[in-house]
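What follows is the residue order along each chain.
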Amino acid sequence: MQTVDVQAAKAKVLVVGGGGRCHAIVDALSRSRLVSKIYCAPGNAGISAQAECVPLKDTQIGELKQFALDNSVDLTVVGPEASLALGIVDEFGKAGLRIFGPSKAAATIESSKDFAKRLMKKYDVPTAAYVTFEDYGKAVEYVRHHSMPVVLKYDGLAAGKGVVIPDSFTEAEAVLREMLLDDMFGKGKVVIEDFLTGPEFSLMCFVDGEKVYPMALSQDHKRAYEGDKGPNTGGMGAYSPLPFISDEDMEYSMEKIMKPVAAGLVKEGCPFKGVLYGGLMKTPDGIKVIEFNCRFGDPETEVVLPRLESDIYEIFSSIVDGTPMPEIRWSDKATMGFVMASKGYPGHYDKGFGIRGLDALENNPDVRIYHMGTAFADRTVVTSGGRVLMVVGSGKDLQEAHDKALKAVGQIDCDNLFYRRDIGWRVL
Ligand code: AMP
Ligand code: GLY
């Protein structure tokens, strides 16, 4: 009888999203002693081993809310920015549902580059100098007199395609035309900023208003091909921790960047609750902000959450309920993950290719396979997205994590996948 009572006290959680990031969140929740049931909408083939997948898209806010009400969901955790920018947190809040993530207003830090830049300027947070333009002619004139390269950022969500770093004035003019005259991503402004150099890193923090709790640091590899060449992608691999970021760098990033921004959002009347992701760069002039995201990073989450030793449900609850934060502990182990992507990604790619070898890796304690874009065809796991799998190894150091992950990658057999072998080149 007692078991039944304990079970009854445990929580039902809904995770919104269906990529590798959500798989890692589901995986972390499945280690919680406080969670009895996990739903994931829409989830994917890999997630279905740990959660009940619900056939709802992350943008079907009304239906997701009804699902949470009908199934007595105790907590909803939101993965993708699209749901947040649509105001899923506000809608769930109106219905009295507990949900982890920022309000629509606070999510503007990601959905509008101009808002993020203005906030940084106002609160003296280090970032590249910039000017925002609505008018195509004025933007072109500005770029004509700017040194190259220059960074052009569409002021809105653009599925990772809104940042372009043209090499020539002619190319810049063409990009500005697409963004401001042809409304390629919709009617919007363009932020034009100075080009910075240095290693980039990701500092994700759990944030409750002015309270900011850092996660373990990670680095993503954004370019499609080895040697950091080729087009920008959602990310081709990641690792944690980062030996090239010192304790002083971390202290600076927290005190001069993450905490002032969180406090700034409170002062602006849109306090942030959720994960604030700082995309930072260690430039020769100090650490500066490249971008903010209002959610867990992908693929960073897949290397960071496996290192979390604390109960993630307790962390989410503390932020949602505004109760004291438990101690957040991180394992000393290192993690490194390789993204296996469909040939052709980030351009055109085909789907539906069978993936073999996954079962044999299931019981390997040093390897986690997070599904980014997979589905079932009959009972076979097949590719269903651009980025398909994130294969994460863990070990006593980054070299060991690297070797374990690469060995596992070699055991996965699929006719239409490619990956970068040089993840972690900076530290190995
Ligand atoms: P974002 O979508 O804002 O993350 O930008 C995509 C990528 O463009 C970043 O990860 C950087 O590699 C690059 N980038 C963005 N802003 C700058 C900048 N001011 N200087 C140099 N590179 C940048
Ligand atoms: N990996 C970068 C991002 O999540 O935006």
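Model, not experiment: these values are computed from the prediction. (Residues numbered from 1 in each chain as written. Chains lettered and ligands numbered in written order. Predicted model: local features only at pLDDT ≥ 70, side-chain atom pairs only at ≥ 80, totals over all residues. Heavy atoms only, no water.)

Bringing the overall build of the chain into the picture now. Each helix and strand counted, the chain has 14 helices and 23 strands in total. Relative to its length of 428 residues, the chain is compact, with a C-alpha radius of gyration of 21 Å against a globular reference of 22 Å. Along the three orthogonal principal directions, the C-alpha set of the chain runs to about 75 × 50 × 45 Å. The proportion of buried residues among the 428 residues of the chain is 55%. Taking the contacts inside the chain whose residues are at least 6 apart along the sequence as the reference set, 69% of them involve residues at least 24 apart. Element-wise, carbon and sulfur atoms account for 50% of the exposed surface of the chain, whose accessible area totals about 18,200 Å². Of the side-chain charges in the chain, 49 are positive and 59 negative, and the distance between the mean point of each set is 1 Å. (Helix = DSSP H or I, 4+ residues; strand = E, 2+ residues; numbered from the N terminus. Rg over C-alpha atoms; globule rule 2.2 N^0.38 Å. Buried < 20%, exposed > 50% of the residue type's maximum accessible area, 1.4 Å probe, protein only. Contact = heavy atoms within 4.5 Å. Areas by Shrake-Rupley, 256 points an atom, 1.4 Å probe, with all protein chains shown as cover. Lys, Arg positive; Asp, Glu negative; His and termini not counted. Charge placed at Lys NZ, Arg CZ, Asp CG, Glu CD.)

The subject of this paragraph is the site of ligand 1. Residues in contact with ligand 1 amount to 14 residues; listed here are only the nearest, Glu 193, Asp 194, Leu 196, Glu 200 and Glu 291. With respect to ligand 1, the side chain of Glu 291 contributes an N or O atom lying 2.8 Å from an oxygen atom. Isolated, ligand 1 exposes 480 Å² of accessible area, and the fraction of that covered by the protein chains is 90%. Among the elements of the structure, β7 (150-154), β9 (190-194) and β17 (286-293) are those that each provide at least two residues to the shell around ligand 1. For the shell around ligand 1, a count of residues per class yields seven nonpolar, no polar and seven charged. (Near = heavy atom within 4 Å. Polar contact = N/O pair within 3.5 Å; in protein donor to acceptor, adjacent residues only side chain to side chain. Nonpolar A, V, L, I, M, F, W, Y, C, P; charged D, E, K, R; others polar.)

If you walk through the whole model with that rule in mind, you get 31 salt bridges. Here Glu 91 makes a salt bridge to Lys 94, at a shortest N to O gap of 2.8 Å. With Glu 91 and Lys 94 both in helix α5 (residues 88-94) and three residues apart, the pair spans about one turn of that helix. Between Glu 141 and Arg 144 there is a salt bridge, with the nearest N and O atoms lying 3.1 Å from each other. Here Glu 141 pairs with Arg 144, and both are found in helix α8 (residues 136-144), just three residues apart, close to one helical turn. The exposure class assigned to Arg 144 is partly exposed, which follows from its relative accessible area of 43%. In this structure, a network of salt bridges that share partners links the residues Arg 21, Glu 81, Glu 110 and Arg 295. (Salt bridge = Lys/Arg side-chain N within 4 Å of Asp/Glu carboxyl O.)

Within the fold, Pro 231 resides in strand β14 (residues 229-232). With a relative accessible area of 37%, Pro 231 lands in the partly exposed category. Sequence separation of Pro 231 and Arg 31 is 200 residues, and the distance between their C-alpha atoms is 36 Å. Here Pro 231 is in contact with Lys 222, Arg 223, Ala 224, Tyr 225 and Pro 346, once residues within four sequence places are set aside.

As a further point, take helix α2 (residues 20-30). The periodicity of an α-helix, 3.6 residues per turn, causes residues three or four places apart in sequence to face the same way. For α2, a buried count of 10 out of 11 residues is recorded, marking the element as mostly surrounded by other parts of the structure. Of the residues making up α2, those classed as buried are Gly 20, Arg 21, Cys 22, His 23, Ala 24, Ile 25, Val 26, Asp 27, Ala 28 and Leu 29.

So, on to the sheet that holds β17. Backbone-to-backbone hydrogen bonds pair the strands of a sheet. The strands run either parallel or antiparallel. Reading across from one edge, β11-β10-β16-β17 is the order of the four strands in this open sheet, with antiparallel pairing throughout. The open sheet has two edge strands, β11 (211-214) and β17, and neither has a second partner. Here the average twist between neighbouring strands, direction ignored, is 35°. Here strand β10 (residues 200-208) pairs with β11 via four bridges, running antiparallel. Paired with Phe 206 across the two strands is Tyr 213, which belongs to β11. (Pairing = 2+ DSSP bridges. Axes fitted to C-alpha atoms, helices over the stretch in contact; angles between N-to-C directions.)

On to the pairing of β7, then. In terms of burial, β7 is a largely internal element, five of the five residues being buried. By the alternation rule, side chains of β7 split into Val 150, Leu 152 and Tyr 154 and Val 151 and Lys 153, which are all buried. In this structure, β7 lies alongside strand β8 (residues 163-164), joined through two bridges in antiparallel fashion. Bridge pairing in β8 links Leu 152 to Val 164.

With that settled, the discussion passes to the nonpolar core. Counting residues in hydrophobic clusters, the biggest one holds 76 residues, and the most contacted among them are Ile 88, Ile 109, Met 258, Phe 292, Leu 389, Val 391 and Ile 412. Per-element accounting of this core gives the leading share, seven residues, to helix α10 (residues 247-267). Excluding anything up to four places from it in sequence, Ile 109 contacts Phe 115, Ala 116, Leu 119, Val 261, Leu 265, Phe 272, Leu 276, Phe 292 and Cys 294. By size, the runner-up hydrophobic cluster in this structure holds 46 residues, among which are Val 35, Leu 305, Val 339 and Met 390. (Core = buried A, V, L, I, M, F, W, Y, C linked by side-chain atoms within 4.5 Å.)

Moving on, we get to the sheet that holds β8. As summarised here, the arrangement of the four strands in space is β6-β9-β7-β8, forming an open sheet in which the pairing is antiparallel. A single partner strand is all that each edge strand has here, and the edge strands are β6 (130-133) and β8. Helix α9 (residues 169-181) contacts β6, β7, β8 and β9 of the sheet and is inclined by roughly 10° relative to β7.

Any functional reading would require information that these geometric values do not contain.
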